[in-house]
Amino acid sequence: MIALGCDHGGYELKQEVKKYLESKGLEYKDFGCDSSASVDYPEYARKVAYSIVNGECDKGILICGTGIGISIAANKVKGIRAALCSDCFSAEATRLHNDANIVALGARVIGPGLAVKIIDTFLNTPFSGEERHQRRINLIEE
Ligand code: RB5
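Now for a description of the structure that goes with this document. (Residues numbered from 1 in each chain as written. Predicted model: local features only at pLDDT ≥ 70, side-chain atom pairs only at ≥ 80, totals over all residues. Heavy atoms only, no water.)

Examining helix α1 (residues 11-23)
Link 1 in the chain: Compared with an ideal rise of 1.5 Å per residue, which puts 13 residues at 18 Å, α1 spans 19 Å between its outermost C-alpha atoms and is within 8% of the ideal.
Link 2 in the chain: Here α1 has its buried residues at Tyr11, Leu13, Lys14, Val17, Lys18, Tyr20 and Leu21. Along the axis of α1, the buried residues cluster in a sector spanning 165°; they form a single face. Projecting away from the buried face of α1 at angles above 90 degrees are the exposed residues Glu12 and Ser23.
Link 3 in the chain: Summarising the contacts, the buried residues of α1 are in contact with β1 (2-6), β2 (28-30), β3 (59-64) and α5 (112-124).
Link 4 in the chain: After α1 finishes, the residue Gly25 shows a positive phi value of roughly 70°. (Helix = DSSP H or I, 4+ residues; strand = E, 2+ residues; numbered from the N terminus. Expected span 1.5 Å × (residues − 1). Buried < 20%, exposed > 50% of the residue type's maximum accessible area, 1.4 Å probe, protein only. Arc of directions from axis to C-beta. Contact = heavy atoms within 4.5 Å.)

Written out as structure tokens, the structure is:
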């Protein structure tokens, strides 16, 4: 199950992302927000982050205007590794190296075409499992 969350800056892109996930037959749970009316991104970052640490969802997608605020907020939750990505190389690397469990996107930074390619890369790249990467992740979690 994929957790989705956004603020008003990410609402329109989240609608595109939902269409994409549906076209791929991927299940998601949308934690809001539900319109382009102004909201506070930490609220949605937390909802998505807690759904992952409590096991309800496996991975998350967070979207705000830049992707910055919502990723900072998500990374305050222990066990969350949220990666702000604007390219597919980073999306692949953060799965391989960081075992990132949330990808954050900036709706005012990238368009929907690139966003879904980044999401596709993020969802389909496994963690490498290499000892040095696991060791570094463990150090983050200490
Ligand atoms: C909202 O205007 C904007 O600040 C927010 O979407 C995000 O970019 C914050 O980091």
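Having seen the model, we can carry on.
A look at the site of the ligand
Link 1 in the chain: The ligand sits among Asp7, His8, Tyr41, Cys64, Gly65, Thr66, Gly69 and Arg108.
Link 2 in the chain: The side chain of Asp7 places a nitrogen or oxygen atom 2.6 Å from an oxygen atom of the ligand.
Link 3 in the chain: If the ligand stood free it would expose 290 Å²; the protein chains cover 72% of that surface.
Link 4 in the chain: Looking at the shell around the ligand residue by residue, the class counts come to two nonpolar, four polar and two charged. (Near = heavy atom within 4 Å. Polar contact = N/O pair within 3.5 Å; in protein donor to acceptor, adjacent residues only side chain to side chain. Areas by Shrake-Rupley, 256 points an atom, 1.4 Å probe, with all protein chains shown as cover. Nonpolar A, V, L, I, M, F, W, Y, C, P; charged D, E, K, R; others polar.)

A word on the pattern of salt bridges
Link 1 in the chain: Under the counting rule described, the total for this entry stands at ten salt bridges.
Link 2 in the chain: The closest approach of N and O atoms between Arg81 and Asp99, which form a salt bridge, is 3.6 Å. Taken together, the residues span a long stretch of sequence, with Arg81 in the loop between α3 (68-74) and β4 (82-84) and Asp99 in the loop between α4 (88-98) and β5 (102-106) at a distance of 18 residues.
Link 3 in the chain: Looking at Asp99, the relative accessible area reads 22%, which means it is partly exposed.
Link 4 in the chain: The closest approach of N and O atoms between Glu130 and Arg132, which form a salt bridge, is 2.3 Å.
Link 5 in the chain: Look at the salt bridges and you will find they share partners, linking Arg81, Arg95, Asp99 and Glu141 into a network. (Salt bridge = Lys/Arg side-chain N within 4 Å of Asp/Glu carboxyl O.)

Regarding the sheet that holds β4
Link 1 in the chain: Spatial ordering of the open sheet is given by β2-β1-β3-β5-β4, a layout of five strands whose pairing is parallel. The open sheet terminates on both sides in strands that have one partner only, identified here as β2 and β4. Across the sheet, the mean angle separating the axes of adjacent strands is 20° when strand polarity is ignored.
Link 2 in the chain: Relative to β5, β3 runs parallel, the two sharing five bridges. (Pairing = 2+ DSSP bridges. Axes fitted to C-alpha atoms, helices over the stretch in contact; angles between N-to-C directions.)

A word on the environment of Glu16
Link 1 in the chain: Checked against the element boundaries, Glu16 lands in helix α1.
Link 2 in the chain: Judged by relative accessible area, which is 34%, Glu16 ranks as partly exposed.
Link 3 in the chain: A sequence separation of 100 residues divides Glu16 from Val116, and the C-alpha atoms of the two residues are 8.4 Å apart.

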